[in-house]
Amino acid sequence: MPASQIISLLREYHQAVVGSSKAAQRRSELSPGSSRARVTTANAQWGRAAEGRDIAADRLFDGLQASQYHCPDCGSQDLTCGTRKLSDKRNVWWISCSVCHTEGSDAASISAALREYNSGSTS
Ligand SMILES: [Zn+2]
């Protein structure tokens with residue numbers, strides 16, 4: 001699987017994570033007096049968002065397994081991607097191994113994080 005495809009799967013997953021945490025927040029912010037209809041709607045939106053996130057995670061996992069990327073330490077293709085926002089609002093990304101937990105450095109994009117992760121490869 002080409003890197004561009006992995007990157008779009010990672011983006012998709014990241015958007016799904018953001019979407020499902022927003023839906024969870026909206027659901028938790030409902031006031032105790034909310035109508036049954038509003039509660040049902042919020043529950044349904046949250047459920048759909050969580051399902052979308054799980055599907056995106058599965059697709060990403062399959063994509064990484066089919067890619068040339070692997071852990072520089074143990075060689076596993078069971079990789080995940082983390083992201084966080086810096087205080088200046090920029091996102092940074094890093095790749096980590098689900099088996100031995102070797103983490104790459106922060107990078108400005110997912111593709112840079114993947115390149116960085118595999119640049120130390122010995123195999
Ligand atoms: Zn590893």
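Being a predicted model, the structure only gives us computed values, none of them experimental.

The rules behind the values
Each chain carries its own residue numbering, running from 1 in the direction its sequence is written. Only residues with pLDDT of 70 or above have their local features reported here, since the model is predicted, and side-chain atom pairs are shown and tallied only from 80 upward, although totals for entire chains, interfaces and linings are computed over all residues. Here the bounds of each domain stem from an automatic or database domain assignment. Contacts are defined on C-beta atoms placed from the backbone: any two residues whose C-beta positions lie within 7 Å are in contact. Only runs of H or I of at least four residues qualify as helices and only runs of E of at least two qualify as strands under DSSP, and these elements are numbered from the N terminus. Classification used: nonpolar for Ala, Val, Leu, Ile, Met, Phe, Trp, Tyr, Cys and Pro, charged for Asp, Glu, Lys and Arg, polar for all others including Gly. Two strands form a pair only when DSSP identifies at least two bridges running between them. In this scheme, a helix's expected span is set at 1.5 Å multiplied by one less than its residue total. Angles here are taken between N-to-C directions and fall from 0 to 180 degrees, while the axes themselves are lines fitted to C-alpha atoms, restricted in helices to the stretch in contact. Orientation is classified from the angle alone, with under 35 degrees giving roughly parallel, over 145 giving roughly antiparallel, 65 to 115 giving roughly perpendicular, and any other angle giving oblique. Rotating anticlockwise by less than a right angle from the far helix to the near helix defines a left-handed crossing, while the corresponding clockwise rotation defines a right-handed one. Partly exposed residues are those whose C-beta has more than 12 but fewer than 20 other C-beta atoms within 10 Å; 20 or more makes a residue buried and 12 or fewer makes it exposed, with C-beta atoms placed from the backbone.

**Student:** Sorry, what's going on with the domain arrangement of the chain here?
**Tutor:** By convention, interface size is frequently given as the accessible area that disappears when the constituent parts associate. Segmenting the chain into domains produces domain 1 (3-65) and domain 2 (79-119). Once you take the C-alpha centre of each, domain 1 and domain 2 turn out to be 21 Å apart. With seven residues of domain 1 in contact, the opposing surface of domain 2 contributes six residues. No other element matches the six residues that helix 1 (residues 3-28) contributes to the side of domain 1 that touches domain 2. Tallied by class, residues from the side of domain 1 that touches domain 2 come to five nonpolar, one polar and one charged.

**Student:** Just checking my understanding: could you explain the pairing of strand 1 (residues 79-85) for this structure?
**Tutor:** Strand residues, when the strand is regular, have side chains that alternate between the two faces of the sheet. Alignment of strand 1 against strand 2 (residues 91-97), held across seven bridges, turns out to be antiparallel. By the bridge assignment for strand 2, Thr83 is matched with Trp93. Here strand 1 folds back onto strand 2 in antiparallel fashion, the turn holding five residues, of which Lys89 has a positive phi close to 75 degrees.

**Student:** What is the right way to read helix 2 (residues 36-65) from this model?
**Tutor:** In an α-helix, one turn spans 3.6 residues, which is why side chains three or four residues apart end up on the same side. The terminal C-alpha atoms of helix 2 lie 43 Å apart, and with 30 residues this matches the ideal 44 Å at 1.5 Å per residue to within 8%. The elements touched by buried residues of helix 2 are helix 1 and strand 1.

**Student:** Sorry if this is basic, but what is going on with the packing of helix 1 against helix 2 here?
**Tutor:** Two quantities define a packed helix pair, namely the angle between the helix axes and the distance between the axes. Their axes nearest at 8 Å, the elements helix 1 and helix 2 cross at an angle of 160 degrees. Between helix 1 and helix 2, the crossing angle belongs to the class labelled roughly antiparallel. For the crossing formed where helix 1 meets helix 2, the hand is left-handed. By residue class, the composition of the contact of helix 1 with helix 2 is 16 nonpolar, seven polar and five charged.

**Student:** Sorry if this is basic, but what is going on with unusual backbone geometry here?
**Tutor:** Leaving glycine out, the prevailing phi sign among residues is negative, and the prevailing peptide bond configuration is trans. Phi at Lys89 takes a positive value of approximately 75 degrees, unusual for a residue other than glycine. With respect to the helices, strands and loops of the structure, Lys89 is situated in the loop between strand 1 and strand 2. The backbone phi angle of His101 is positive, close to 65 degrees, even though this residue is not glycine. The class for His101 is exposed, based on 11 C-beta atoms found within 10 Å.

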